[in-house]
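The chain contents come next:
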Amino acid sequence: MANRTDSYDVVIVGGGPGGLSCAKHLANSKQKVLVLEKSANLGEKICSGLISPKAFPELTADRGVPWTEISVVTTRSKQHLEFSRPYLWTMGRKDIEGRLLRESTADVHFSEPVRSITPEHVETDRGRYLYHHLVGADGSLSKVRKTLGLPSEHIVGWAFHYILDRPCSEFQMYWLPREFKGAYGYMMPKNRQQTMAGLAWAGKSFDADMAGRAKQWVARTFAIDTDTTAHEAMKGNADYRGWKFGTTYLVGDAGGFLNPVTTEGIWFAMRSGEGVAKHILGNSEGDRIMADLVANHRKQVRIFELMTNRWLPMCWMIEWLFRNPRRGLRRRIFDRVFWKLMES
């Protein structure tokens, strides 16, 4: 039972990049802000801690481990590409969220999952919190989104991977339309000390059969003992259905702000958190940020639908591109599309 009642101007459910970005941009305002995070510590979400050039543009140092090389693989080839500048950095979620938290003046409660939500308050085992504004930043399984009655059905997917306790030495992306429908494989850093290798696929619910096939593929491709190596699965939500519902808002995965093409989520969570915070403060820039995110997201969804449909030529054009993108026309096309995705 809740044993206390407090009032806040803004209650943010979720202390990941989206929620903490929102709190950061509400800092030093007249708003009394509370962040409720179910995990005991920062950075405990099951996903990569990679940031693109869009995230923390003000940082000129300590962006993490830079990536200037990538291997792109099909069933027929493996090609290694080098770039003149980093396209991603391994920072790690704990570092990312810690940086945002340090710039926040909100009350932040860890180990405090939300049990129920009404139009006036949220309730946990520790207390009842009245609010004027409620921000759902609680990921792809968002309780705030469910309270609003919004489904997550269109452009929803799963990542299933194995964790290796060593730094990632090679960034690898696998395009596998012949083996797996609407899926791709990867080996990439989870943080500065760990690597994750696995498969991501589209689907509303977790597919145990696909996970079994992914287990076999990972064991075969990366020579990993999948019976003794730790693994984890995560849902991703790119089903955008709105960000503002009266005085309730959705940011990050909770709102469907996930790039389904690259599966990048951290920057979109941070940017949508910033947009909602500025909207709450009456700053018109907040609405412009959200409008840009929505327009960009719709383009990403259209591209995703084209590239994952095996009956359409774009799916096979990507395979053609991946077979030898190191020079000539294919390299020019690859670079143009790649950097467009990384920087926008």
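Our subject is the structure that appears above.
Structural notes, computed from the coordinates. Counting of residues starts from 1 at the beginning of each chain's written sequence and follows it residue by residue. Reporting in this predicted model follows two pLDDT cut-offs: at least 70 for local features of residues, and 80 or more for side-chain atom pairs to be given and counted; totals over whole chains, interfaces and linings ignore these cut-offs and use all residues. Derived side-chain values reflect all non-hydrogen atoms in the structure, with water molecules and hydrogen atoms excluded from consideration.

**Details of the overall build of the chain**
Each helix and strand in the chain was counted, giving nine helices and 18 strands. Scaling as 2.2 N^0.38, a compact globule of 344 residues should have a C-alpha radius of gyration of about 20 Å, and the chain matches this with 20 Å. In terms of overall dimensions, the chain has C-alpha extents of about 60 × 45 × 40 Å along its principal axes. Burial classification: accessible surface area is computed with a 1.4 Å probe over protein chains only, and a residue below 20% of its type maximum counts as buried, one above 50% as exposed, and the rest as partly exposed. Put simply, the chain has 344 residues, and 55% of those count as buried. In this analysis, two residues are considered to be in contact whenever any of their non-hydrogen atoms come within 4.5 Å of each other. For the chain, contacts bridging at least 24 residues in sequence account for 69% of all contacts bridging at least 6. By the criteria applied, helices consist of DSSP H or I runs no shorter than four residues and strands consist of E runs no shorter than two, each listed in order from the N terminus. This radius of gyration counts C-alpha atoms alone. The globule rule is 2.2 Å times how many residues there are, raised to the power 0.38.

**Quick notes on the sheet that holds strand β4 (residues 65-67)**
Only strands joined by at least two bridges in the DSSP assignment are considered to pair. The strand order across the open sheet formed by three strands is β3-β7-β4, and the pairing between neighbours is antiparallel. The sheet is open, and its two borders are formed by β3 (50-51) and β4, each paired with just one other strand. Summarising the sheet, β4 and strand β7 (residues 88-90) pair through three bridges and their orientation is antiparallel. Bridge assignment links P66 to a residue of β7, and that residue is W89.

**Quick notes on the pairing of strand β9 (residues 114-117)**
Where a strand is regular, its side chains alternate between the two sheet faces. The sheet contact formed by β9 and strand β10 (residues 121-124) spans three bridges and is antiparallel. Bridging from a neighbouring strand, I117 pairs with V122 of β10. Linking two consecutive strands that pair antiparallel, namely β9 and β10, is a turn of three residues.

**Observations concerning a nonpolar patch on the surface**
Taken together, the side chains of M317, W320 and L329 define a hydrophobic patch exposed on the protein surface, amounting to about 290 Å² of accessible area. You can see W320 is positioned in helix α8 (residues 313-323). Without a salt bridge and with relative accessible area above 30%, a residue can belong to a patch; like charges are then joined within 9 Å and nonpolar side chains (Val, Leu, Ile, Met, Phe, Trp, Tyr) within 5 Å. Areas reported as accessible are Shrake-Rupley estimates using a 1.4 Å probe. Residue values count occlusion only from the protein chains shown. Any Lys or Arg side-chain nitrogen found within 4 Å of a carboxyl oxygen on Asp or Glu counts as a salt bridge.

**Details of the sheet that holds strand β14 (residues 183-189)**
Sheet strands pair by backbone hydrogen bonding; their relative direction is either parallel or antiparallel. One open sheet accounts for seven strands, arranged β6-β5-β13-β14-β15-β12-β16; its pairing is mixed. With one partner strand each, in any of the chains shown, β6 (78-82) and β16 (231-237) form the two edges of the open sheet. Between one strand axis and the next, the sheet turns through 20 degrees on average, direction left out of account. Bridging between strand β13 (residues 172-175) and β14 involves four bridges; their strand directions are antiparallel. Bridge pairing in β14 links Y174 to G185. Relative to the sheet, helix α4 (residues 208-222) contacts β12 (156-164), β13, β14 and β15 (195-202), its axis offset from that of β15 by approximately 140 degrees. Fitted lines through C-alpha atoms serve as axes, helices being fitted only where they are in contact, and the angles separating the N-to-C directions of these axes extend from 0 to 180 degrees.

**Quick look at the environment of L101**
When you line up the elements, L101 lands in helix α2 (residues 93-102). Sequence spacing of L101 and L42 is 59 residues, and the spatial spacing of their C-alpha atoms is 9.2 Å. Residues in contact with L101, not counting those within four places in the same chain, are L20, L42, V108 and F110.

**Looking at the pairing of β16**
Among the seven residues in β16, five count as buried, and that is most of the element. The pairing of β12 with β16 spans seven bridges and is antiparallel. The residue bridging A159 from the neighbouring strand is M234, located in β16.

**Quick look at unusual backbone geometry**
A positive phi angle, near 60 degrees, is found at N28, a position not held by glycine. Tracing the backbone through its elements, the reader meets N28 in the loop between α1 (17-26) and β2 (33-36). The phi dihedral of T263 is positive, around 60 degrees, even though this residue is not glycine. Tracing the sequence through the fold places T263 in the loop between α5 (252-255) and α6 (266-280).

**A few points about the packing of α8 against helix α9 (residues 328-343)**
As a packed pair, α8 and α9 sit with axes 9 Å apart at the nearest point and diverge in direction by 115 degrees. One element, α8, and the other, α9, form an angle in the roughly perpendicular class. Considering only the axes of α8 and α9, their crossing is left-handed. Residues M317, W320, L321, F322 and R323 of α8 form the contact with α9, whose participating residues are R330, I333 and F334. For this scheme, ten residues count as nonpolar: Ala, Val, Leu, Ile, Met, Phe, Trp, Tyr, Cys and Pro. Four count as charged, namely Asp, Glu, Lys and Arg, and the remainder, Gly too, count as polar. For the contact of α8 with α9, the class distribution of residues is six nonpolar, no polar and two charged. Here the angle decides the label: under 35 degrees means roughly parallel, over 145 means roughly antiparallel, 65 to 115 means roughly perpendicular, and every other value means oblique. Throughout, a crossing is termed right-handed when the near helix is turned clockwise from the far one, and left-handed when it is turned anticlockwise from it by less than a right angle.

**Here we look at the environment of R85**
Take R85: it is sitting in the loop between β6 and β7. Judged by relative accessible area, R85 falls into the partly exposed class, the value being 37%. Here the side chain of R85 touches E343 through a polar contact of 3.1 Å, side chain to side chain. Under this definition, polar contacts are N or O atom pairs within 3.5 Å; protein pairs additionally need one hydrogen-donor-capable and one acceptor-capable atom, and for neighbouring residues in sequence, both atoms have to be side-chain atoms.

**Some remarks on a positive patch on the surface**
Residues scored as positive are Lys and Arg, those scored as negative are Asp and Glu, and His as well as the terminal groups of each chain are ignored. Charged side chains are reduced to one point each, which is NZ for Lys, CZ for Arg, CG for Asp and CD for Glu. On the surface, R298, K299, R302, R336 and K340 cluster together into a positively charged patch. Secondary structure elements with two or more residues in the positive patch: α7 (284-307) and α9. Top contributing element to the positive patch by residue count: α7, with three residues. Assignment of secondary structure puts R302 in helix α7.

**With respect to the nonpolar core**
Across soluble globular proteins, you tend to see nonpolar side chains buried next to one another. Here the nonpolar core consists of buried residues drawn from Ala, Val, Leu, Ile, Met, Phe, Trp, Tyr and Cys, with membership extended through side-chain atoms lying within 4.5 Å. Judged by nonpolar contacts, the single largest core of 56 residues is most densely connected at Y87, F171, L199 and W201. Among residues more than four places away in sequence, those in contact with W201 are G157, W158, F160, G182, A183, F206, D207, M210, A211 and A214. Within the second largest apolar cluster, 36 residues are counted, among which are A23, L42, I51 and M270.

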